[in-house]
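One-letter residues, chain by chain:
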2 protein chains.
Amino acid sequence: MLDAQAQLEILRRGVDQIVPEAEFLKRLERSIRENRPLRVKYGIDPTGIDVHLGHTVPLRKLRQFQDLGHKAVVIIGNYTAMVGDPSGRDETRSALTAEQVAANARDYLKQVGRIIDLEKAEVHHNGDWFGKWGFLDVLDLMRRMTLGQISAREDFAKRIKDEKPVYLHECLYPLMQGWDSVEIDADVELGGTEQLFSLLVARQLQPLRGQEPQIAMTMPILVGTDGTRRMGKSLGNYIGVAESPEEQFGKVMSVPDEPMAQYFTLLTDLPQPEVRELLAEGTNPRDAKEVLGKSIVAQYHGREAADRAAAAFRRRSAGEDPLEIPVVHLSADKLDAEGRIAAPALLKEIGFEASTSSARRVIEGGGFNVGPRREVVTDPKALVYVKDGLIVRSGKRKIAEIRLV
Amino acid sequence: MLDAQAQLEILRRGVDQIVPEAEFLKRLERSIRENRPLRVKYGIDPTGIDVHLGHTVPLRKLRQFQDLGHKAVVIIGNYTAMVGDPSGRDETRSALTAEQVAANARDYLKQVGRIIDLEKAEVHHNGDWFGKWGFLDVLDLMRRMTLGQISAREDFAKRIKDEKPVYLHECLYPLMQGWDSVEIDADVELGGTEQLFSLLVARQLQPLRGQEPQIAMTMPILVGTDGTRRMGKSLGNYIGVAESPEEQFGKVMSVPDEPMAQYFTLLTDLPQPEVRELLAEGTNPRDAKEVLGKSIVAQYHGREAADRAAAAFRRRSAGEDPLEIPVVHLSADKLDAEGRIAAPALLKEIGFEASTSSARRVIEGGGFNVGPRREVVTDPKALVYVKDGLIVRSGKRKIAEIRLV
């Protein structure tokens, strides 16, 4: 094990707050002295998540703890999901059914396994304890917090000010999250910046069971590919960990220059001096983005796929067709006697478009071209001569070589 | 059954608010038309109550409903007691254990039986339903209210303003009370003025189960014998329903003139014109108080006891000994050869004082006298000649005739 100071330096990377930090260092020291790994909690509500890079920020920190020899404890909040985490939200979440939650939980764990080592982690579902609770247990938990504490939460205060409702059950959320820490005897809990309130609730609850209060470690919110708002599926500004190397790489290249430093810090292990060098004045941001894109793709698809995605992107940027062009088959009897087919029908037959009407729109928009000279066909009534080996392109990324059968 | 308008007139007596009143009249009309008695709910938390006249205000209203042919439904809040009703309180109630609550509930029902006809009433304990609830049931209930609604309660708003804590579990109270109405399908709920918020919560919950929302009927808070603050045990300004006729009557006579009208309205069935006559200018408030005192004592001890208590009070006021003087026995060998006994020892022997030291204080205070001429003994060292039949008096009310044995 590394000494405490060295661990702290590694773990501090990209972190927003460690509360209280002095206690954290002592906990690390004792963990080494007593050869007792820290129990590091990360909770997630299975609300049907396509894990994207924003989610990987705390998960990568959890992995860092694992790599330093500590114990990752993942809480699947199947009960908290039925409440809905109000943190940082400006409205009430819709509630999920138990069935949705169970299906989401299985799916979520599969995705999380791409980032942390699930073999070495403990995984708990908080329904395992809350499911056994009765009315009086809930009451006892509710006794631990006042309306004043709750209303002071930034997100709730804002909703109250804006006259948007905060429902009573939402107030239970931070207490449930806090109780999870008691159940698993957490030393550290990870979460996003806006979770600080919830992470600190456990510190009030753990002493009731003779436990030391956990340390809260918050991570910044990753900005999306638009460079302004937080990364999120609904905003369409996300990079999913399950996306293809090409999609991931292309999206990274589309990110504005500003959030580059944050991306490097939170999404890669590249040493900070190297990052600074890459982002120094006078350098081409394109080069930095390529390094970043390759690093991210490599994490989810391997080094080789990352290199291929980078090369393909470079060719496309230069206006070249990709090295490997997918082949599509077209039945010769779709052609007329002259060997022609209507342009919209062609796009539909080779699977570029779902219907001839959407194909017509693409054509009229100038997005369709054919052959080595990229002849653009804009008339939806045009007939296209198709020979074996013809290359057709649609939109920015669709390309295929036609094989007549 | 009386017609709806006549019932309304009787039931309106002393009431603070009926919300909504138009709906109440319609409900009465339908009850008559369909020959279906109204289900009138009154909930009480068994928190160890010595029932006093303040409590009888809603209970007497409940009895009125019974007398008009409606169904009294008493909820023993054994579960709500474990939360503690925050209504009108400026601080959090201390929680009770299940055992305390069960013992209190038995004791409470005995007392309530003096006012309502328990044989004809339905009695439920809300632990019967809440005791079966799990975490998710509590959550579902909590979804029905917002922080905004809760914080707007007068009592909570005041505590928040004064920076006194309102605990989260207290917010559950009105929802539980509301749910009780759903469980028993209440048409009307009775409560004190400060309960209006809680009484109206049920109106939001009942439609979820296809029930018509109940009507809230609030009763004013009875002022105590000091004429200023609400009647309460801890304030020492109460008249208990279990107290003796003499105590009850004497306490009524000690009430200031001002709250007389309220007492007549809320604690007797005396027709209002008669009340107005009794309290008209120029009359002696003493006479009104005597009518009131007799009426109250008669309710709990019968007409005869009421007359006796009034007569005894009159004699005492006139400085006369009561008609019936209790006899105490004193062993002759407690006397010295001259037939004397030390004054403090005498007070202790006949049970007027628990110790000779407290007896000494009474004597020094001038509160002890003996014989037909009421000779005051103020020297605690004095020896009292005791003959068979000697009458001794101590303080305002203690009197006994000594029989030597």
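Above this text sits the structure in question.
Computed from a prediction, not measured in an experiment: that's the story for all the values here.

A.B. asks: Requested: an account of the sheet that holds strand E6 (residues 215-219) of chain B, with residues and values cited.
C.D. replies: Residues and elements named next belong to chain B. The mixed open sheet is built from 6 strands, whose spatial order is E1-E6-E5-E2-E3-E4. Each edge of the sheet is formed by a strand with only one pairing partner; in this case those strands are strand E1 (17-19) and strand E4 (122-125). Shown here is a sheet whose adjacent strand axes are inclined to one another by a mean of 25°, direction ignored. Pairing analysis gives 4 bridges linking strand E3 (residues 71-76) to E4, with the strands arranged parallel. Looking at the pairing, Val74 lines up with Val123 of E4. Seen against the sheet, helix H3 (residues 53-67) touches strand E2 (39-44), E3, strand E5 (188-192) and E6 and runs at an angle of roughly 160° to E2. Contacts from helix H10 (residues 168-184) reach E2, E3, E4 and E5, with the element oriented near 145° to E2.

A.B. asks: Report on the packing of aromatic side chains, specifying residues and quantitative values.
C.D. replies: What the rule picks out here adds up to 14 aromatic pairs over all chains. Ring geometry for Tyr79(A) versus Phe135(B): centroids 5.8 Å apart, planes at 75°, classification edge-to-face. Of the two residues, Tyr79(A) is situated in the loop between strand E3 (71-76) and helix H4 (80-83) and Phe135(B) in helix H7 (residues 135-142); the pairing between them involves two chains. Since its relative accessible area comes to 1%, Phe135(B) is described here as buried. Plain terms: the ring middles of Phe135(A) and Trp133(B) are 5.8 Å apart, the flat faces sit at 40° to each other, and that makes the pair tilted. One end of the pair, Phe135(A), is in helix H7 (residues 135-142); the other, Trp133(B), is in the loop between helix H6 (127-130) and H7, on a second chain. Through successive ring pairs, a cluster of aromatic residues spans Tyr79(A), Phe130(A), Trp133(A), Trp179(A) and Phe135(B). When the ring centre of Phe156(B) is taken as origin, the NZ or CZ atom of Arg153(B), which lies over that ring, is 4.6 Å away. The positively charged end of Lys251(B) is found above the aromatic ring belonging to Tyr238(B), 4.5 Å away from the centroid.

A.B. asks: Before we move on, can you summarise the interface of chain A and chain B with the specific residues and values?
C.D. replies: In this complex, chain A contributes 29 residues to the contact, which on the side of chain B involves 29 residues. In this assembly, chain A packs against chain B so that about 2700 Å² is buried in total across both faces, 79% of it on carbon and sulfur atoms. On the chain A side of the contact with chain B, Phe135(A), Leu147(A) and Leu168(A) bury the most area, a combined 30% of that side's loss. Across the chain A-chain B interface, the total number found is 0 salt bridges. The interface formed by chain A and chain B holds 8 residue pairs in polar contact (both at pLDDT 80 or more) in total. Counting only elements with at least two residues in the side of chain A that touches chain B, the list comes to H4, H7, helix H8 (147-151), helix H9 (154-161) and helix H10 (168-184) of chain A.

A.B. asks: Now, about the relation of the copies chain A and chain B: what can you tell me, with residues and values included?
C.D. replies: The transform that puts chain A on chain B rotates by 179° and translates by 0.0 Å along the axis, for an RMSD of 0.3 Å. Interpreted geometrically, this transformation is the action of a two-fold axis. Measuring from the rotation axis to each C-alpha of chain A, the shortest distance belongs to Gly134(A), at 2.2 Å. Interface residue correspondence from chain A to chain B reaches 100%, placing this contact among same-surface, isologous pairings.

Criteria and thresholds
- Residues numbered from 1 in each chain as written.
- Chains lettered and ligands numbered in written order.
- Predicted model: local features only at pLDDT ≥ 70, side-chain atom pairs only at ≥ 80, totals over all residues.
- Heavy atoms only, no water.
- Pairing = 2+ DSSP bridges.
- Helix = DSSP H or I, 4+ residues; strand = E, 2+ residues; numbered from the N terminus.
- Axes fitted to C-alpha atoms, helices over the stretch in contact; angles between N-to-C directions.
- Contact = heavy atoms within 4.5 Å.
- Phe/Tyr/Trp six-rings, centres within 6.5 Å; stacked < 30°, edge-to-face > 60°.
- Buried < 20%, exposed > 50% of the residue type's maximum accessible area, 1.4 Å probe, protein only.
- Lys NZ or Arg CZ within 6 Å of the ring centre and 35° of its normal.
- Buried area = accessible area lost by both parts, 1.4 Å probe.
- Salt bridge = Lys/Arg side-chain N within 4 Å of Asp/Glu carboxyl O.
- Polar contact = N/O pair within 3.5 Å; in protein donor to acceptor, adjacent residues only side chain to side chain.
- Least-squares fit on C-alpha atoms with pLDDT ≥ 70 in both.

Fair warning: the whole summary comes from geometry, so function is off the table for now.
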